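Remarks on the overall topology
The primary structure of each chain is shown beneath.
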Amino acid sequence: FAMFIFNQSWTMAVLMGVGAIFFFVVNIIMRQETMLYVPLVAPGMQLPSDNPEGMKSPADKKMPYEDVFMQTSDGLRIHGWFMPAGDETSTKRSCTLLFCHANAGNIGLRIPNFDAVVKTLKVNVFAIDYRGYGHSEGTPTEDGLIEDALTAWRWLKKSAQDGRFDANKIFVFGRSLGGAVAIALAAALEKSYEGPLPRGLILENTFTSISAVVDAMFPLLAFEGLKKRFLRLSWASLDRVRDLEVPLLFLTGEKDELIPPAHSRALLEKAELSRLTRNIVFQDGHHNDTWEKGGEKYWAVQKEFIKECLRSEPKGNMSSTALANLSKQADNDDGWETVDCPTKDDE
């Protein structure tokens, strides 16, 4: 009788364990979008004005700024802050940094970071909230966030044409998910026929793909068949980075508890077409605090990277990838007119 009770208990324990695993897996599959895109880090913190003191507005740090509202190509209104490096003269001669933030919370939570960037790197900063975050309308998706970044780039391009700053001195910074957004933005710009291109990308603690992140964070789901059937998220940065020609600086926290440092190394290895690549490791850096734990080295490597990029000639209106695509399309389309296109040497 005792053995029967033991067997029943063991069977029940196994069934409960299997049930718990099944519930865990189903819950992740059902909630994957809301796990990646987290506009609210706490109830009631949708807008920057809802944030704790010091994170409501750049004015909290006595930073001059401009509220910018833009219209995306799919009809949404998104919001950003333009924070100049100084007066009008300083703004014109300084580099400009498009800041693509991580997955959780609105841009207000990064105000201390923005303040440090402007004061230390002496650059203009343009930070946007993706759709669904902060004051920006809509619901976050991969295509949607890429469109948001392109919309921000168009605003920067127009502002440069208006003489506010130099179009050939615009860099893109991306942290975590923002790094995937930055890579996708650069890939879209290099495939298009319009310039200017980013002078360089600065990518902090970003990942190769969501599939690889799942492998690291949820080993129970690390089966290709399962992921192919149920994983709706992609962000395939490893595929996109292999075609990028823009300079790339990777800032990697060795103690990153979310994204293994190997992701940055893998991206670096695949970026064979990039004109300049660097991967700088910060031994005490975690996922979200590398910019704080990195000390003077964190800022020094960015300053040097920016200088290196500026010493080289800026790319023209068409990357070699875009030129190749254009030539291929011309070969297959009798309706194309013959045009004089710049070659790689001309750019």
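An account of the accompanying structure is given in this report. Please read these numbers as outputs of a predicted model, since none were measured by experiment.

Details of the nonpolar core
Counting 53 residues, the largest nonpolar core has Leu98, Phe126, Leu201, Trp235, Leu244 and Leu248 as its most contacted members. Apart from residues no more than four positions distant in its own chain, Leu98 is found in contact with Phe126, Ala149, Ala152, Trp153, Leu156, Phe171, Val172, Phe173 and Leu185. Core analysis: the next-biggest nonpolar cluster, separate from the first, contains 31 residues, Cys95, Val125, Leu276 and Phe305 among them.

A closer look at the pattern of salt bridges
Oppositely charged side chains are able to pair whenever their charged atoms sit close together. Counting across every chain of the model gives 15 salt bridges. Two residues, Lys255 and Asp284, come together in a salt bridge whose shortest N-O distance is 3.5 Å. Of this pair, Lys255 sits in the loop between strand E7 (248-253) and helix H9 (262-270) while Asp284 sits in the loop between strand E8 (277-282) and helix H10 (290-293), and the two are 29 residues apart along the sequence. With its nearest N and O atoms 2.8 Å apart, the salt bridge here joins Arg278 to Glu308. Highlighted residues: Arg278 in strand E8 and Glu308 in helix H11 (residues 295-311), separated in sequence by 30 residues. Through salt bridges with shared partners, one network takes in Asp74, Arg131 and Asp148.

Things to note about unusual backbone geometry
The phi angle of most residues is negative, glycine excepted, and most peptide bonds adopt the trans form. Phi is positive for Lys62, close to 60 degrees, though the residue is something other than glycine. Of note, Lys62 is situated in the loop between helix H1 (2-36) and strand E1 (66-71).

Examining the environment of Ser211
Within the element layout of this structure, Ser211 appears in helix H6 (residues 210-217). A residue is classified by how much of its surface remains accessible, and Ser211, at 21% relative accessible area, is partly exposed. Apart from residues no more than four positions distant in its own chain, Ser211 is found in contact with Glu224, Lys227 and Leu231.

Quick look at the packing of aromatic side chains
For the structure shown, the criterion picks out 10 aromatic pairs. Each residue in the set Phe82, Phe126, Trp155 and Phe165 is aromatic and connected to the rest through ring pairs, giving one cluster. The residue whose ring lies beneath Arg77 is Phe69, and the NZ or CZ to ring-centre distance is 4.0 Å. We note Lys297 situated over the ring of Phe282; from NZ or CZ to the ring centre the distance is 5.2 Å.

A look at the pairing of strand E2 (residues 77-83)
Regular strands show a simple pattern: their side chains alternate between the two faces of the sheet. For E2, the buried fraction is high: six of the seven residues fall into the buried class. As defined by bridge partners, E1 adjoins E2 across six bridges and the pair is classed as antiparallel. Bridged to Asp67 within E2 is Trp81. Where E1 folds back on E2, the antiparallel hairpin that results is connected by five residues, among which Gly75 adopts a positive phi of roughly 85 degrees. Bridging between E2 and strand E4 (residues 124-128) involves four bridges; their strand directions are antiparallel. In the sheet register, Gly80 faces E4, and the bridge partner there is Ile128.

Basis of the calculations
- Residues numbered from 1 in each chain as written.
- Predicted model: local features only at pLDDT ≥ 70, side-chain atom pairs only at ≥ 80, totals over all residues.
- Heavy atoms only, no water.
- Core = buried A, V, L, I, M, F, W, Y, C linked by side-chain atoms within 4.5 Å.
- Buried < 20%, exposed > 50% of the residue type's maximum accessible area, 1.4 Å probe, protein only.
- Contact = heavy atoms within 4.5 Å.
- Salt bridge = Lys/Arg side-chain N within 4 Å of Asp/Glu carboxyl O.
- Helix = DSSP H or I, 4+ residues; strand = E, 2+ residues; numbered from the N terminus.
- Phe/Tyr/Trp six-rings, centres within 6.5 Å; stacked < 30°, edge-to-face > 60°.
- Lys NZ or Arg CZ within 6 Å of the ring centre and 35° of its normal.
- Pairing = 2+ DSSP bridges.

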